[in-house]
Number of protein chains: 2
Amino acid sequence: MIDYQLLQALYAVVTEKGFDRAAQTLFITQSAVSKRIYQLESLLGEPVLIRTKPPKATELGVKLLTHLQQVKQLELSLNLQSSTEFVDKQLPVSVKISANADSLATWLPEALSVPEDYCDFKYRFEIIAEDQTIALNRMKAGEVMISICSIDKPVNGGKVFELGALRYFVICSPAFKKRYNITSLHQLTELPCLVFDEHDKLQHQFLTHLNGSLPKYTHICPSSEGFKQAMIAGLGYGLLPSLQLGETIEKGELVNLMPEFYLDTPLYWHCWETESIQLEMLRCHAITIASKRLYQII
Amino acid sequence: MIDYQLLQALYAVVTEKGFDRAAQTLFITQSAVSKRIYQLESLLGEPVLIRTKPPKATELGVKLLTHLQQVKQLELSLNLQSSTEFVDKQLPVSVKISANADSLATWLPEALSVPEDYCDFKYRFEIIAEDQTIALNRMKAGEVMISICSIDKPVNGGKVFELGALRYFVICSPAFKKRYNITSLHQLTELPCLVFDEHDKLQHQFLTHLNGSLPKYTHICPSSEGFKQAMIAGLGYGLLPSLQLGETIEKGELVNLMPEFYLDTPLYWHCWETESIQLEMLRCHAITIASKRLYQII
């Protein structure tokens with residue numbers, strides 16, 4: 001049987017990005033952390049960590065971390081099935097989630113806020129924001145229990161549920177439209193374009209779809225709200241989820257340049273096959289909220 | 001004289017986080033990038049890069065990158081003073097900025113949107129979001145031209161300007177207040193608290209100030225808008241900048257738990273002493289906007 005103290009040390013070093021901080025979260029000394037990692041590697045005859053800054057799990061390390069996540073899930077379920085003395089429903093369940101920034105800024109907080117009358121469990125969320133195309137990597141690396149992303153294929157040992165889609169429209173401010181005298185969308189190729197970060201290819205997809213071009217002039221603005229504010233301020237045009245529009249169109253702060261065109265980003269809920277009852281309840285609540293807020297594609 | 005092609009190779013490797021992507025942005029082969037770095041190190045007799053994933057600049061490397069930023073500034077100014085043939089005002093000036101997420105989500109986009117009638121320059125922004133306490137590290141590392149953060153001490157070779165302060169209030173949803181029957185703020189220590197990320201210590205500061213305690217139960221939510229939405233959904237309480245409140249109080253979505261208490265986070269504009277005229281114009285516009293949107297502390 002694996003000594004899970006050793007795996008927890010590995011988990012702490014990877015997620016806390018160092019031996020020092022891992023030691024703090026485990027309430028042991030740094031040399032004790034090193035010893036545990038060393039012991040794990042001696043047992044397995046292979047390194048589990050690459051000693052970079054921050055340290056990274058080797059392929060074997062990733063396997064062990066994924067396994068650890070699954071065992072944690074099983075333990076959660078187990079607790080519930082055992083005598084109630086062992087289950088403290090008042091103790092929050094720690095849930096680590098990787099999710100795309102636009103979900104985080106729109107429908108996800110409501111989805112994670114499980115009402116008391118829905119279930120007795122308390123959750124403590126630790127959310128990691130990642131692009132929808134790469135959020136699943138955290139799941140593959142065994143770093144999170146849940147991932148919300150645009151990839152529909154489950155990871156090894158995982159399962160997946162449809163959530164619906166975020167619908168993106170081509171948006172800018174009325175002043176921007178007027179300043180550049182936009183009469184045809186083909187002009188957009190040459191105009192300042194807002195991009196969330198290096199992974200965000202939505203604007204590129206849109207232009208490719210429109211006329212096979214790519215934006216020549218981009219601003220990088222890695223904040224969902226900042227993105228919208230930059231549009232309102234007239235820094236550029238970009239694709240914004242309809243859920244983020246609020247009353248900006250009615251108030252004349254933003255205009256939809258092409259109401260008949262949109263890009264749908266389908267979203268999926270990834271979790272482990274060994275999902276505990278606590279996370280199952282969370283998932284059911286989240287899917288209910290998603291079904292109200294996101295576009296359901298049939 | 002330094003061969004700036006070599007420094008640009010170093011800059012590209014550090015900012016693009018790898019030789020492969022550095023090669024793409026420089027339009028040269030990967031082996032040409034390696035050769036330039038090697039040449040630089042041979043010349044200096046000391047490594048400029050630590051070959052981790054991603055590669056990092058050594059202390060010497062950081063010095064060179066800082067120097068490069070300053071030279072770029074000087075070159076910008078130079079262009080303007082030389083014959084107008086060399087100045088294409090239509091070509092955007094690339095400006096890399098590190099800023100705190102709450103500025104990015106509130107007053108900064110407007111501040112960066114310099115109107116045509118204010119100056120002729122065009123800017124292309126690349127923003128990096130960092131906590132206000134560490135955003136200056138990007139400046140120290142010579143990676144950015146401008147940094148917006150809460151530290152008032154200029155970096156070596158840099159200068160600093162006051163912007164005003166973001167004012168944070170203690171906020172939660174009416175449902176959260178009712179659910180936990182909050183009658184005294186001392187109860188907050190035990191209740192779910194929202195924290196932006198590992199660097200965000202505002203909530204800790206507030207509790208320490210209040211009664212010397214620390215939050216026992218935190219959710220981590222690394223998105224400014226997600227933070228606000230999580231409050232509205234009732235996931236927890238936290239400190240929110242007044243600029244982000246909008247009409248949420250009037251609409252009954254949020255409540256200010258302690259209107260007479262606030263934490264001010266002063267913000268500063270850091271730039272290089274060799275600031276070009278383009279960036280000076282940008283700074284003046286930004287300071288004008290900041291003086292309207294932020295709290296001016298006298």
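Residues numbered from 1 in each chain as written. Chains lettered and ligands numbered in written order. Predicted model: local features only at pLDDT ≥ 70, side-chain atom pairs only at ≥ 80, totals over all residues. Heavy atoms only, no water.

- If you check an unreviewed UniProt entry, chain A appears there as LysR family transcriptional regulator (Chromosome initiation inhibitor) from Thalassotalea piscium.
- On record in UniProt, under Sequence similarities (unreviewed entry), the comment for chain A is "Belongs to the LysR transcriptional regulatory family." (UniProt positions renumbered as here; feature names shortened; annotations may be inferred.)

1. Observations regarding the overall build of chain A
Link 1 in the chain: Scanning chain A from terminus to terminus reveals 12 helices and 11 strands.
Link 2 in the chain: Overall size of chain A, expressed as C-alpha extent along the three principal axes, is 70 × 45 × 30 Å.
Link 3 in the chain: Per-residue burial over chain A gives 55% buried out of 298 residues.
Link 4 in the chain: For chain A, long-range pairs separated by at least 24 residues make up 74% of all intrachain contacts whose partners lie at least 6 apart in sequence.
Link 5 in the chain: Here chain A has roughly 13700 Å² of accessible surface; of this, 53% comes from carbon and sulfur atoms. (Helix = DSSP H or I, 4+ residues; strand = E, 2+ residues; numbered from the N terminus. Buried < 20%, exposed > 50% of the residue type's maximum accessible area, 1.4 Å probe, protein only. Contact = heavy atoms within 4.5 Å. Areas by Shrake-Rupley, 256 points an atom, 1.4 Å probe, with all protein chains shown as cover.)

2. Comments concerning the packing of helix α1 (residues 4-15) of chain A against helix α2 (residues 19-26) of chain A
All names here are of chain A.
Link 1 in the chain: Contact geometry of α1 with α2 gives a least axis separation of 8 Å together with a crossing angle of 125°. In terms of their interaxial angle, α1 and α2 are classed as oblique. Regarding α1 and α2, the two cross each other, and that crossing is right-handed. Within the contact between the two elements, α1 uses Gln-8, Ala-9, Ala-12 and Val-13 and α2 uses Phe-19, Ala-22, Thr-25 and Leu-26.
Link 2 in the chain: Partitioned by chemical class, the residues of the contact of α1 with α2 number six nonpolar, two polar and no charged. (Axes fitted to C-alpha atoms, helices over the stretch in contact; angles between N-to-C directions. Parallel < 35°, antiparallel > 145°, perpendicular 65-115°, else oblique. Left-handed = near helix turned anticlockwise from the far one by under 90°. Nonpolar A, V, L, I, M, F, W, Y, C, P; charged D, E, K, R; others polar.)

3. Considering the interface of chain B and chain A
Link 1 in the chain: Each partner contributes residues to the interface: chain B has 41 residues there, and chain A has 41 residues.
Link 2 in the chain: Contact between chain B and chain A buries roughly 3300 Å² in total, counting both sides, with carbon and sulfur atoms accounting for 54%.
Link 3 in the chain: Area buried by chain B at its contact with chain A is led by B:Arg179, B:Tyr217 and B:Ile220, which between them contribute 15% of it.
Link 4 in the chain: The interface formed by chain B and chain A holds four salt bridges in total.
Link 5 in the chain: B:Glu116 is paired through a salt bridge with A:Arg179; the nearest N and O atoms lie 3.6 Å apart. (Buried area = accessible area lost by both parts, 1.4 Å probe. Salt bridge = Lys/Arg side-chain N within 4 Å of Asp/Glu carboxyl O.)

4. Quick look at the UniProt feature "domain: HTH lysR-type" (unreviewed entry) in chain A
Link 1 in the chain: UniProt marks residues 2-58 of chain A with the feature "domain: HTH lysR-type" (unreviewed entry), using the numbering shown here.
Link 2 in the chain: Across residues 2-58 of chain A, helical content stands at 61% and strand content at 7%; the span's end C-alpha atoms are separated by 18 Å.

5. Side note on the state of the cysteines
Residue and element names in this part refer to chain B.
Link 1 in the chain: For the coordinates displayed, the defined rule picks out zero disulfides over all chains.
Link 2 in the chain: The structure places no disulfide on Cys-119, whose sulfur is separated from the nearest cysteine sulfur, that of Cys-284, by 9.9 Å.
Link 3 in the chain: Residue Cys-119 is classed as buried on the basis of its relative accessible area of 8%. (Disulfide = S-S within 2.5 Å.)

6. A short note on the pairing of strand β3 (residues 93-99) of chain B
All names here are of chain B.
Link 1 in the chain: β3 sits mainly inside the fold: six of its seven residues count as buried.
Link 2 in the chain: For β3 and strand β4 (residues 123-129), the ladder comprises seven bridges, and the chain directions are parallel. Considered in β4, the bridge of Lys-96 is made with Glu-126. (Pairing = 2+ DSSP bridges.)

7. Brief notes about α2(A)
All names here are of chain A.
Link 1 in the chain: Listed as buried for α2 are Phe-19, Ala-22 and Ala-23. Buried residues of α2 fall within an arc of 100° about the axis and therefore sit on the same side.
Link 2 in the chain: Packed against the buried residues of α2 are α1, α3 (30-44) and β1 (49-50).
Link 3 in the chain: Among the residues trailing α2, Phe-27 stands out with phi positive, at a value near 60°. (Arc of directions from axis to C-beta.)

8. Let's talk about the relation of the copies chain B and chain A
Link 1 in the chain: Turning chain B through 180° and shifting it by 0.0 Å along the axis lays it on chain A, with an RMSD of 0.1 Å. With respect to symmetry, the two chain copies, as superposed, fit the operation of a two-fold axis.
Link 2 in the chain: When the interface residues of chain B are mapped onto chain A, 100% of them are again interface residues, pointing to one common binding face. (Least-squares fit on C-alpha atoms with pLDDT ≥ 70 in both.)

9. Some remarks on helix α3 (residues 30-44) of chain B
Residue and element names in this part refer to chain B.
Link 1 in the chain: With 15 residues, α3 should cover 21 Å at 1.5 Å per step; its first-to-last C-alpha distance of 21 Å lies within 8% of that length.
Link 2 in the chain: Residues of α3 that are buried include every one of Val-33, Arg-36, Ile-37, Leu-40 and Glu-41, and no others. One side of α3 holds all its buried residues, which, seen down the axis, span an arc of 130°. Residues of α3 that are exposed and point over 90 degrees away from its buried face: Lys-35, Tyr-38 and Leu-43.
Link 3 in the chain: Phi turns positive one or two residues past the end of α3, at Gly-45, with a value near 65°. (Expected span 1.5 Å × (residues − 1).)

10. A few points about the environment of B:Lys292
All names here are of chain B.
Link 1 in the chain: By the secondary structure assignment, Lys-292 is in helix α12 (residues 277-293).
Link 2 in the chain: In this structure Lys-292 comes out as exposed when scored by relative accessible area, which is 56%.
Link 3 in the chain: In this structure, the C-alpha to C-alpha distance between Lys-292 and Trp-107, residues 185 residues apart in sequence, is 9.3 Å.

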